[in-house]
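Here is how the chains run, residue by residue.
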Protein chains: 2
Amino acid sequence: MATRGTGAGSAIGSRADEQRQRILDAAVAVFSRRGYGAASMNDVAAQVGLSKPTLYHYVRTKQDLLVAVYEEVLDESLRSAREIVAGAPTTREAVRALIVERVRYTCEHRDLLTICFHEESALPEELAAPILERRREFERVVRDAVEAHLHETGRTLPMALGVYVNTCLGAANWTYKWFDPAGPRSARELGEDVAGVLLGILDG
Amino acid sequence: MATRGTGAGSAIGSRADEQRQRILDAAVAVFSRRGYGAASMNDVAAQVGLSKPTLYHYVRTKQDLLVAVYEEVLDESLRSAREIVAGAPTTREAVRALIVERVRYTCEHRDLLTICFHEESALPEELAAPILERRREFERVVRDAVEAHLHETGRTLPMALGVYVNTCLGAANWTYKWFDPAGPRSARELGEDVAGVLLGILDG
DNA sequence: CCTTGCTTCGACCGACCGGTCGGGCGAAAG
DNA sequence: CTTTCGCCCGACCGGTCGGTCGAAGCAAGG
(Lines give C-alpha, C1' and ligand atoms only; values in the text may rest on other atoms or scores of the structure.)
Protein backbone atom coordinates (compact mmCIF):
# COMPACT_ATOMS: atom_id res chain seq x y z
CA MET A 1 0.00 0.00 0.00
CA ALA A 2 3.06 2.26 0.21
CA THR A 3 2.90 5.28 -2.08
CA ARG A 4 5.73 7.50 -3.14
CA GLY A 5 6.08 10.76 -5.07
CA THR A 6 7.48 10.35 -8.57
CA GLY A 7 10.02 13.10 -7.90
CA ALA A 8 8.80 15.19 -10.80
CA GLY A 9 5.97 16.72 -8.85
CA SER A 10 3.36 14.77 -10.79
CA ALA A 11 0.54 12.67 -9.40
CA ILE A 12 1.34 9.90 -6.98
CA GLY A 13 2.34 6.56 -8.44
CA SER A 14 3.38 3.46 -6.59
CA ARG A 15 6.50 1.56 -7.54
CA ALA A 16 4.31 -1.18 -8.97
CA ASP A 17 2.48 1.33 -11.16
CA GLU A 18 5.74 2.66 -12.52
CA GLN A 19 6.93 -0.83 -13.40
CA ARG A 20 3.62 -1.62 -15.00
CA GLN A 21 3.95 1.43 -17.20
CA ARG A 22 7.49 0.51 -18.20
CA ILE A 23 6.27 -2.97 -19.09
CA LEU A 24 3.42 -1.57 -21.14
CA ASP A 25 5.79 0.67 -23.06
CA ALA A 26 8.04 -2.30 -23.75
CA ALA A 27 5.09 -4.39 -24.87
CA VAL A 28 4.01 -1.66 -27.29
CA ALA A 29 7.48 -1.58 -28.81
CA VAL A 30 7.71 -5.36 -29.11
CA PHE A 31 4.14 -6.00 -30.29
CA SER A 32 4.33 -3.30 -32.95
CA ARG A 33 7.64 -4.57 -34.28
CA ARG A 34 7.08 -8.33 -34.25
CA GLY A 35 3.28 -8.47 -34.27
CA TYR A 36 1.27 -9.57 -31.25
CA GLY A 37 1.00 -13.20 -32.26
CA ALA A 38 4.67 -13.61 -33.06
CA ALA A 39 5.99 -11.60 -30.13
CA SER A 40 6.83 -13.53 -26.99
CA MET A 41 6.62 -12.51 -23.37
CA ASN A 42 10.32 -13.27 -23.17
CA ASP A 43 10.87 -10.49 -25.72
CA VAL A 44 8.84 -8.10 -23.61
CA ALA A 45 10.63 -9.07 -20.40
CA ALA A 46 14.03 -8.64 -22.03
CA GLN A 47 13.03 -5.21 -23.34
CA VAL A 48 12.27 -4.01 -19.79
CA GLY A 49 15.31 -5.77 -18.36
CA LEU A 50 13.33 -8.21 -16.23
CA SER A 51 12.91 -11.95 -16.18
CA LYS A 52 9.70 -13.49 -17.36
CA PRO A 53 8.45 -14.50 -13.88
CA THR A 54 9.04 -10.95 -12.68
CA LEU A 55 7.09 -9.62 -15.60
CA TYR A 56 4.22 -11.89 -14.61
CA HIS A 57 4.41 -10.44 -11.13
CA TYR A 58 3.04 -7.19 -12.60
CA VAL A 59 0.96 -8.46 -15.49
CA ARG A 60 -1.69 -11.12 -15.46
CA THR A 61 -1.62 -12.29 -19.07
CA LYS A 62 -0.24 -11.35 -22.46
CA GLN A 63 -3.78 -10.55 -23.52
CA ASP A 64 -4.09 -7.94 -20.76
CA LEU A 65 -1.23 -6.00 -22.34
CA LEU A 66 -3.01 -5.96 -25.68
CA VAL A 67 -6.25 -4.83 -24.10
CA ALA A 68 -4.41 -2.02 -22.30
CA VAL A 69 -3.16 -0.74 -25.65
CA TYR A 70 -6.69 -0.55 -27.05
CA GLU A 71 -7.97 1.11 -23.89
CA GLU A 72 -5.31 3.81 -24.03
CA VAL A 73 -5.86 4.60 -27.69
CA LEU A 74 -9.64 4.60 -27.49
CA ASP A 75 -9.71 6.70 -24.31
CA GLU A 76 -7.53 9.36 -25.86
CA SER A 77 -9.20 9.26 -29.27
CA LEU A 78 -12.70 9.65 -27.92
CA ARG A 79 -11.71 12.25 -25.34
CA SER A 80 -9.93 14.51 -27.80
CA ALA A 81 -12.58 14.12 -30.49
CA ARG A 82 -15.32 15.20 -28.11
CA GLU A 83 -13.23 18.08 -26.84
CA ILE A 84 -12.64 19.27 -30.39
CA VAL A 85 -16.28 19.15 -31.38
CA ALA A 86 -17.30 20.95 -28.22
CA GLY A 87 -14.73 23.70 -28.61
CA ALA A 88 -14.59 24.36 -32.34
CA PRO A 89 -15.71 27.86 -33.42
CA THR A 90 -17.42 26.58 -36.59
CA THR A 91 -18.65 23.25 -37.85
CA ARG A 92 -16.12 23.35 -40.67
CA GLU A 93 -13.32 23.99 -38.20
CA ALA A 94 -14.55 21.03 -36.15
CA VAL A 95 -14.22 18.67 -39.10
CA ARG A 96 -10.84 20.11 -40.01
CA ALA A 97 -9.52 19.86 -36.45
CA LEU A 98 -10.78 16.29 -36.11
CA ILE A 99 -8.73 15.27 -39.15
CA VAL A 100 -5.65 17.23 -38.11
CA GLU A 101 -5.74 15.77 -34.63
CA ARG A 102 -6.31 12.27 -35.92
CA VAL A 103 -3.24 12.54 -38.12
CA ARG A 104 -1.17 14.13 -35.36
CA TYR A 105 -2.05 11.50 -32.78
CA THR A 106 -1.51 8.68 -35.25
CA CYS A 107 1.89 9.95 -36.37
CA GLU A 108 3.10 10.64 -32.84
CA HIS A 109 2.02 7.23 -31.53
CA ARG A 110 2.67 5.03 -34.47
CA ASP A 111 3.59 1.98 -32.40
CA LEU A 112 0.32 2.18 -30.49
CA LEU A 113 -1.77 2.61 -33.62
CA THR A 114 0.10 -0.09 -35.50
CA ILE A 115 -1.02 -2.55 -32.87
CA CYS A 116 -4.61 -1.30 -32.90
CA PHE A 117 -4.83 -1.53 -36.67
CA HIS A 118 -3.21 -4.93 -37.00
CA GLU A 119 -4.40 -6.98 -34.06
CA GLU A 120 -8.13 -6.50 -34.04
CA SER A 121 -8.65 -10.19 -34.71
CA ALA A 122 -6.26 -11.25 -31.95
CA LEU A 123 -8.83 -10.50 -29.28
CA PRO A 124 -11.52 -13.04 -28.41
CA GLU A 125 -15.05 -11.98 -29.21
CA GLU A 126 -15.98 -11.12 -25.65
CA LEU A 127 -13.13 -8.62 -25.29
CA ALA A 128 -13.40 -7.29 -28.83
CA ALA A 129 -17.07 -6.38 -28.56
CA PRO A 130 -16.79 -3.42 -26.13
CA ILE A 131 -13.69 -2.19 -27.93
CA LEU A 132 -15.46 -2.25 -31.29
CA GLU A 133 -18.40 -0.42 -29.77
CA ARG A 134 -16.20 2.42 -28.56
CA ARG A 135 -14.49 2.66 -31.93
CA ARG A 136 -17.87 2.94 -33.57
CA GLU A 137 -18.70 5.70 -31.11
CA PHE A 138 -15.57 7.58 -32.16
CA GLU A 139 -16.58 7.24 -35.79
CA ARG A 140 -20.04 8.48 -34.90
CA VAL A 141 -18.58 11.64 -33.42
CA VAL A 142 -16.76 12.34 -36.68
CA ARG A 143 -19.79 11.47 -38.75
CA ASP A 144 -22.01 13.76 -36.72
CA ALA A 145 -19.53 16.60 -37.10
CA VAL A 146 -19.55 16.25 -40.88
CA GLU A 147 -23.31 15.97 -40.95
CA ALA A 148 -23.66 19.11 -38.82
CA HIS A 149 -21.50 21.06 -41.23
CA LEU A 150 -23.47 19.78 -44.21
CA HIS A 151 -26.75 20.68 -42.56
CA GLU A 152 -25.51 24.14 -41.65
CA THR A 153 -24.28 24.97 -45.13
CA GLY A 154 -27.13 23.26 -46.92
CA ARG A 155 -24.72 21.39 -49.15
CA THR A 156 -24.97 17.75 -50.09
CA LEU A 157 -22.14 15.33 -50.77
CA PRO A 158 -21.97 13.49 -54.11
CA MET A 159 -21.49 10.23 -52.18
CA ALA A 160 -22.84 8.56 -49.09
CA LEU A 161 -21.86 10.23 -45.82
CA GLY A 162 -20.34 7.02 -44.51
CA VAL A 163 -18.13 6.68 -47.55
CA TYR A 164 -16.82 10.21 -47.11
CA VAL A 165 -16.13 9.73 -43.40
CA ASN A 166 -14.36 6.43 -43.96
CA THR A 167 -12.29 7.97 -46.74
CA CYS A 168 -11.20 10.73 -44.39
CA LEU A 169 -10.40 8.36 -41.55
CA GLY A 170 -8.55 6.07 -43.94
CA ALA A 171 -6.37 8.85 -45.28
CA ALA A 172 -5.64 9.98 -41.72
CA ASN A 173 -5.03 6.54 -40.26
CA TRP A 174 -2.83 5.43 -43.12
CA THR A 175 -0.21 7.99 -42.11
CA TYR A 176 0.97 5.41 -39.58
CA LYS A 177 2.53 3.65 -42.57
CA TRP A 178 4.39 6.50 -44.19
CA PHE A 179 4.88 9.40 -41.76
CA ASP A 180 8.58 10.16 -41.39
CA PRO A 181 9.44 11.79 -38.04
CA ALA A 182 12.69 12.99 -39.60
CA GLY A 183 10.89 14.54 -42.56
CA PRO A 184 10.35 18.26 -43.19
CA ARG A 185 6.74 18.34 -41.97
CA SER A 186 5.72 17.83 -38.37
CA ALA A 187 2.85 15.51 -37.51
CA ARG A 188 0.58 18.51 -37.04
CA GLU A 189 1.60 20.16 -40.31
CA LEU A 190 1.06 16.89 -42.10
CA GLY A 191 -2.41 16.74 -40.63
CA GLU A 192 -3.16 20.16 -42.08
CA ASP A 193 -2.03 19.01 -45.51
CA VAL A 194 -4.14 15.88 -45.37
CA ALA A 195 -7.15 17.86 -44.17
CA GLY A 196 -6.56 20.21 -47.09
CA VAL A 197 -7.06 17.33 -49.53
CA LEU A 198 -10.13 15.99 -47.81
CA LEU A 199 -11.97 19.26 -47.13
CA GLY A 200 -11.83 20.31 -50.77
CA ILE A 201 -15.09 18.60 -51.53
CA LEU A 202 -16.81 20.26 -48.56
CA ASP A 203 -15.95 23.74 -49.78
CA GLY A 204 -16.83 23.05 -53.41
CA MET B 1 5.74 -35.49 -65.05
CA ALA B 2 2.22 -36.48 -66.08
CA THR B 3 0.01 -33.60 -67.15
CA ARG B 4 -3.72 -33.57 -67.35
CA GLY B 5 -6.36 -31.22 -68.69
CA THR B 6 -8.29 -29.35 -66.03
CA GLY B 7 -11.57 -30.43 -67.55
CA ALA B 8 -12.75 -26.84 -67.93
CA GLY B 9 -10.91 -26.28 -71.18
CA SER B 10 -8.48 -23.88 -69.55
CA ALA B 11 -4.69 -23.96 -69.71
CA ILE B 12 -2.95 -27.13 -68.66
CA GLY B 13 -2.26 -27.54 -64.96
CA SER B 14 -0.75 -30.54 -63.30
CA ARG B 15 -2.42 -32.06 -60.30
CA ALA B 16 0.38 -30.69 -58.14
CA ASP B 17 -0.22 -27.15 -59.42
CA GLU B 18 -3.90 -27.40 -58.60
CA GLN B 19 -3.14 -28.55 -55.08
CA ARG B 20 -0.58 -25.80 -54.64
CA GLN B 21 -3.19 -23.23 -55.59
CA ARG B 22 -5.73 -24.69 -53.20
CA ILE B 23 -3.12 -24.55 -50.47
CA LEU B 24 -2.29 -20.94 -51.27
CA ASP B 25 -5.94 -19.98 -51.11
CA ALA B 26 -6.25 -21.70 -47.75
CA ALA B 27 -3.14 -19.97 -46.47
CA VAL B 28 -4.55 -16.60 -47.51
CA ALA B 29 -7.75 -17.29 -45.60
CA VAL B 30 -5.92 -18.48 -42.48
CA PHE B 31 -3.17 -15.86 -42.46
CA SER B 32 -5.61 -13.00 -42.94
CA ARG B 33 -7.86 -14.24 -40.18
CA ARG B 34 -5.36 -15.25 -37.52
CA GLY B 35 -2.33 -13.23 -38.58
CA TYR B 36 0.75 -14.82 -40.12
CA GLY B 37 2.67 -15.16 -36.87
CA ALA B 38 -0.19 -16.69 -34.95
CA ALA B 39 -1.43 -18.95 -37.73
CA SER B 40 -0.07 -22.48 -37.76
CA MET B 41 0.64 -24.77 -40.67
CA ASN B 42 -1.78 -27.18 -39.02
CA ASP B 43 -4.50 -24.57 -39.51
CA VAL B 44 -3.61 -24.25 -43.17
CA ALA B 45 -3.50 -28.02 -43.68
CA ALA B 46 -6.86 -28.46 -41.98
CA GLN B 47 -8.39 -25.74 -44.16
CA VAL B 48 -7.39 -27.62 -47.33
CA GLY B 49 -8.36 -30.96 -45.82
CA LEU B 50 -4.82 -32.37 -45.81
CA SER B 51 -2.43 -33.46 -43.13
CA LYS B 52 0.57 -31.34 -42.33
CA PRO B 53 3.14 -33.70 -43.93
CA THR B 54 1.08 -33.74 -47.12
CA LEU B 55 0.98 -29.97 -47.10
CA TYR B 56 4.76 -29.96 -46.90
CA HIS B 57 4.81 -32.24 -49.92
CA TYR B 58 3.67 -29.23 -51.97
CA VAL B 59 5.13 -26.32 -50.04
CA ARG B 60 8.69 -25.84 -48.89
CA THR B 61 8.19 -23.51 -45.90
CA LYS B 62 5.58 -21.34 -44.25
CA GLN B 63 7.55 -18.32 -45.37
CA ASP B 64 7.20 -19.34 -49.02
CA LEU B 65 3.43 -19.03 -48.70
CA LEU B 66 3.77 -15.49 -47.39
CA VAL B 67 6.15 -14.54 -50.18
CA ALA B 68 3.71 -15.94 -52.76
CA VAL B 69 1.02 -13.62 -51.42
CA TYR B 70 3.21 -10.56 -51.88
CA GLU B 71 4.26 -11.69 -55.36
CA GLU B 72 0.67 -12.09 -56.48
CA VAL B 73 -0.46 -8.73 -55.16
CA LEU B 74 2.52 -6.79 -56.45
CA ASP B 75 2.40 -8.44 -59.88
CA GLU B 76 -1.23 -7.55 -60.33
CA SER B 77 -0.93 -4.05 -58.83
CA LEU B 78 1.99 -3.03 -60.99
CA ARG B 79 0.60 -4.63 -64.13
CA SER B 80 -2.81 -2.95 -63.88
CA ALA B 81 -1.36 0.43 -62.89
CA ARG B 82 0.91 0.49 -65.93
CA GLU B 83 -1.91 -0.63 -68.17
CA ILE B 84 -4.14 2.15 -66.88
CA VAL B 85 -1.54 4.87 -67.35
CA ALA B 86 -0.77 3.64 -70.87
CA GLY B 87 -4.40 3.48 -71.93
CA ALA B 88 -6.02 6.48 -70.26
CA PRO B 89 -7.43 9.12 -72.63
CA THR B 90 -6.38 12.05 -70.39
CA THR B 91 -3.98 12.51 -67.50
CA ARG B 92 -6.87 13.29 -65.19
CA GLU B 93 -8.61 10.10 -66.23
CA ALA B 94 -5.40 8.19 -65.53
CA VAL B 95 -5.26 9.44 -61.95
CA ARG B 96 -8.95 8.78 -61.47
CA ALA B 97 -8.74 5.26 -62.90
CA LEU B 98 -5.70 4.46 -60.76
CA ILE B 99 -7.64 5.29 -57.61
CA VAL B 100 -10.79 3.49 -58.73
CA GLU B 101 -8.85 0.38 -59.65
CA ARG B 102 -6.87 0.45 -56.42
CA VAL B 103 -10.10 0.54 -54.42
CA ARG B 104 -11.70 -2.14 -56.55
CA TYR B 105 -8.77 -4.54 -56.30
CA THR B 106 -8.40 -3.92 -52.57
CA CYS B 107 -12.08 -4.51 -51.84
CA GLU B 108 -12.30 -7.62 -54.00
CA HIS B 109 -9.18 -9.21 -52.49
CA ARG B 110 -9.38 -8.07 -48.93
CA ASP B 111 -7.77 -11.20 -47.51
CA LEU B 112 -4.78 -10.81 -49.77
CA LEU B 113 -4.35 -7.13 -48.98
CA THR B 114 -4.88 -7.64 -45.27
CA ILE B 115 -1.85 -9.90 -45.25
CA CYS B 116 0.24 -7.48 -47.32
CA PHE B 117 -0.61 -4.55 -45.06
CA HIS B 118 -0.10 -6.38 -41.78
CA GLU B 119 2.85 -8.69 -42.28
CA GLU B 120 5.51 -6.50 -43.82
CA SER B 121 7.73 -6.98 -40.80
CA ALA B 122 7.30 -10.75 -40.82
CA LEU B 123 9.70 -11.13 -43.73
CA PRO B 124 13.45 -11.20 -43.14
CA GLU B 125 15.36 -8.27 -44.59
CA GLU B 126 16.68 -10.21 -47.57
CA LEU B 127 13.20 -11.16 -48.78
CA ALA B 128 11.60 -7.85 -47.85
CA ALA B 129 14.03 -5.72 -49.87
CA PRO B 130 12.92 -6.70 -53.39
CA ILE B 131 9.27 -6.59 -52.33
CA LEU B 132 9.65 -3.10 -50.90
CA GLU B 133 11.40 -1.99 -54.07
CA ARG B 134 8.49 -3.12 -56.23
CA ARG B 135 6.00 -1.43 -53.96
CA ARG B 136 7.97 1.78 -54.30
CA GLU B 137 7.82 1.33 -58.05
CA PHE B 138 4.04 1.07 -57.89
CA GLU B 139 3.89 4.26 -55.88
CA ARG B 140 6.18 5.91 -58.42
CA VAL B 141 3.74 5.08 -61.21
CA VAL B 142 0.94 6.79 -59.31
CA ARG B 143 3.13 9.72 -58.41
CA ASP B 144 4.21 10.22 -62.01
CA ALA B 145 0.60 10.12 -63.17
CA VAL B 146 -0.37 12.88 -60.75
CA GLU B 147 2.69 14.91 -61.67
CA ALA B 148 1.89 14.58 -65.38
CA HIS B 149 -1.61 15.90 -64.81
CA LEU B 150 -0.30 18.80 -62.76
CA HIS B 151 2.25 19.67 -65.41
CA GLU B 152 -0.34 19.48 -68.16
CA THR B 153 -2.83 21.74 -66.41
CA GLY B 154 -0.22 24.08 -65.01
CA ARG B 155 -1.74 23.81 -61.56
CA THR B 156 0.16 23.40 -58.32
CA LEU B 157 -0.90 21.53 -55.22
CA PRO B 158 -1.07 23.34 -51.85
CA MET B 159 0.95 20.49 -50.32
CA ALA B 160 3.90 18.30 -51.25
CA LEU B 161 3.23 15.86 -54.07
CA GLY B 162 4.24 12.90 -51.90
CA VAL B 163 1.78 13.88 -49.22
CA TYR B 164 -1.06 14.04 -51.74
CA VAL B 165 -0.18 10.68 -53.27
CA ASN B 166 0.09 8.99 -49.90
CA THR B 167 -3.22 10.49 -48.84
CA CYS B 168 -4.86 9.06 -51.96
CA LEU B 169 -3.29 5.64 -51.51
CA GLY B 170 -4.19 5.66 -47.83
CA ALA B 171 -7.83 6.43 -48.50
CA ALA B 172 -7.92 3.72 -51.16
CA ASN B 173 -6.04 1.08 -49.19
CA TRP B 174 -8.03 1.65 -46.04
CA THR B 175 -11.15 0.35 -47.75
CA TYR B 176 -9.84 -3.12 -46.86
CA LYS B 177 -11.02 -2.33 -43.32
CA TRP B 178 -14.53 -1.14 -43.99
CA PHE B 179 -15.76 -2.27 -47.42
CA ASP B 180 -18.93 -4.31 -47.04
CA PRO B 181 -19.45 -6.77 -49.91
CA ALA B 182 -23.11 -6.95 -48.93
CA GLY B 183 -23.49 -3.17 -49.00
CA PRO B 184 -25.32 -1.13 -51.62
CA ARG B 185 -22.19 -0.01 -53.51
CA SER B 186 -20.02 -2.37 -55.51
CA ALA B 187 -16.26 -2.24 -55.13
CA ARG B 188 -15.99 -0.31 -58.39
CA GLU B 189 -18.70 2.18 -57.46
CA LEU B 190 -17.05 2.70 -54.11
CA GLY B 191 -13.81 3.46 -55.93
CA GLU B 192 -15.57 6.13 -57.93
CA ASP B 193 -16.88 7.73 -54.74
CA VAL B 194 -13.47 7.70 -53.10
CA ALA B 195 -11.86 9.13 -56.22
CA GLY B 196 -14.50 11.84 -56.16
CA VAL B 197 -13.30 12.97 -52.74
CA LEU B 198 -9.64 12.89 -53.66
CA LEU B 199 -9.83 14.51 -57.09
CA GLY B 200 -11.64 17.57 -55.80
CA ILE B 201 -8.40 19.35 -55.05
CA LEU B 202 -7.08 18.61 -58.54
CA ASP B 203 -10.02 20.28 -60.24
CA GLY B 204 -10.10 23.30 -57.94
C1' DC C 1 17.75 -10.40 16.73
C1' DC C 2 13.35 -11.99 14.04
C1' DT C 3 9.39 -11.12 11.22
C1' DT C 4 6.95 -9.28 7.39
C1' DG C 5 6.09 -8.27 2.76
C1' DC C 6 7.47 -6.83 -1.68
C1' DT C 7 10.52 -7.93 -5.55
C1' DT C 8 13.18 -10.90 -8.11
C1' DC C 9 14.38 -15.15 -10.65
C1' DG C 10 16.09 -20.29 -11.95
C1' DA C 11 13.81 -24.10 -13.11
C1' DC C 12 10.04 -26.09 -14.71
C1' DC C 13 5.10 -27.40 -16.87
C1' DG C 14 2.08 -29.05 -20.69
C1' DA C 15 1.01 -27.54 -25.19
C1' DC C 16 2.07 -26.41 -29.56
C1' DC C 17 5.25 -24.77 -33.10
C1' DG C 18 7.63 -25.58 -38.03
C1' DG C 19 9.35 -29.26 -40.15
C1' DT C 20 10.86 -34.41 -41.08
C1' DC C 21 10.82 -39.46 -41.58
C1' DG C 22 9.52 -43.88 -42.92
C1' DG C 23 6.06 -46.35 -44.59
C1' DG C 24 1.23 -47.39 -46.40
C1' DC C 25 -1.99 -46.60 -50.19
C1' DG C 26 -4.01 -47.21 -55.05
C1' DA C 27 -3.61 -46.94 -59.91
C1' DA C 28 -0.97 -47.40 -64.04
C1' DA C 29 2.83 -49.99 -66.52
C1' DG C 30 5.15 -54.21 -67.42
C1' DC D 1 0.87 -61.17 -60.81
C1' DT D 2 4.77 -57.62 -59.56
C1' DT D 3 6.89 -53.21 -59.90
C1' DT D 4 6.78 -48.46 -59.76
C1' DC D 5 5.59 -43.95 -58.44
C1' DG D 6 3.01 -39.97 -57.00
C1' DC D 7 0.12 -39.01 -53.09
C1' DC D 8 -0.79 -39.28 -48.44
C1' DC D 9 -0.26 -39.50 -43.21
C1' DG D 10 0.85 -41.25 -37.97
C1' DA D 11 4.40 -40.45 -35.19
C1' DC D 12 8.03 -37.94 -34.05
C1' DC D 13 12.05 -34.13 -33.64
C1' DG D 14 14.19 -30.10 -31.16
C1' DG D 15 12.67 -25.86 -29.77
C1' DT D 16 9.68 -22.20 -27.98
C1' DC D 17 5.40 -20.74 -26.31
C1' DG D 18 2.41 -18.61 -22.21
C1' DG D 19 2.38 -19.24 -17.68
C1' DT D 20 3.64 -21.20 -12.74
C1' DC D 21 6.19 -22.55 -8.54
C1' DG D 22 9.13 -22.28 -4.69
C1' DA D 23 12.72 -19.95 -2.88
C1' DA D 24 16.20 -16.26 -2.33
C1' DG D 25 17.31 -11.20 -1.57
C1' DC D 26 16.38 -7.27 0.98
C1' DA D 27 14.58 -3.11 3.27
C1' DA D 28 11.43 -1.63 7.04
C1' DG D 29 9.24 -2.38 11.60
C1' DG D 30 9.44 -4.33 15.82
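Residues numbered from 1 in each chain as written. Chains lettered and ligands numbered in written order. Predicted model: local features only at pLDDT ≥ 70, side-chain atom pairs only at ≥ 80, totals over all residues.

J.: Residue-level account of the packing of helix H8 (residues 161-173) of chain A against helix H10 (residues 187-203) of chain A, with values.
T.: Residues and elements named next belong to chain A. For the pair H8 and H10, interaxial distance at closest approach is 10 Å and the crossing angle is 160°. The orientation of H8 with respect to H10, classified from their angle, is roughly antiparallel. Considering only the axes of H8 and H10, their crossing is right-handed. Residues Cys168, Ala171 and Ala172 of H8 lie in contact with H10, whose contacting residues are Val194, Val197 and Leu198. Here the contact of H8 with H10 is composed, by residue class, of six nonpolar, no polar and no charged. (Axes fitted to C-alpha atoms, helices over the stretch in contact; angles between N-to-C directions. Helix = DSSP H or I, 4+ residues; strand = E, 2+ residues; numbered from the N terminus. Parallel < 35°, antiparallel > 145°, perpendicular 65-115°, else oblique. Left-handed = near helix turned anticlockwise from the far one by under 90°. Contact = placed C-beta atoms within 7 Å. Nonpolar A, V, L, I, M, F, W, Y, C, P; charged D, E, K, R; others polar.)

J.: Describe in detail the packing of helix H4 (residues 62-87) of chain B against helix H6 (residues 110-118) of chain B, supporting the description with residues and values.
T.: All names here are of chain B. Here H4 crosses H6 at 110°, and the two axes come no closer than 10 Å. As the angle between them shows, H4 and H6 are arranged roughly perpendicular. When you trace H4 past H6, the crossing you get is left-handed. When H4 is examined against H6, the residues Val69, Tyr70, Glu72 and Val73 are found in contact with a partner set consisting of Leu112, Leu113, Ile115 and Cys116.

J.: If you had to explain the relation of the copies chain B and chain A to someone new, which residues and values would you point to?
T.: With an RMSD of 0.1 Å, the fit of chain B onto chain A corresponds to turning through 180° and sliding 0.0 Å along the axis. One copy is carried onto the other by what is essentially a two-fold rotation axis. Closest approach to the rotation axis among the C-alpha atoms of chain B is made by B:Ala171, whose C-alpha sits 2.1 Å away. A high fraction, 100%, of the interface residues of chain B reappear at the interface in chain A, so the copies pair face to face through one surface. (Least-squares fit on C-alpha atoms with pLDDT ≥ 70 in both.)

J.: Describe the protein's contact with DNA strand D, naming the residues involved and giving the relevant values.
T.: Around DNA strand D sit 18 residues in total, of which A:Ser40, A:Pro53, A:Lys62, B:Pro53 and B:Thr54 are the nearest. Breaking the surface near DNA strand D down by element, the ones donating at least two residues are helix H2 (41-48), helix H3 (52-58) and helix H4 (62-87) of chain A together with helix H1 (15-34) and helix H3 (52-58) of chain B. Per-element tally for the surface near DNA strand D: the top contributor is H3(B), with four residues. Of the residues assigned to the surface near DNA strand D, the class counts are six nonpolar, eight polar and four charged. (Near = placed C-beta within 6 Å.)

J.: Tell me about the domain arrangement of chain A, and please be specific about residues and values.
T.: Residue and element names in this part refer to chain A. In terms of domain boundaries, chain A breaks down into domain 1 (1-60) and domain 2 (61-203). A straight line from the C-alpha centre of domain 1 to that of domain 2 covers 27 Å. When its residues are assigned to classes, the side of domain 1 that touches domain 2 shows eight nonpolar, three polar and one charged. (Domains from an automatic or database assignment.)

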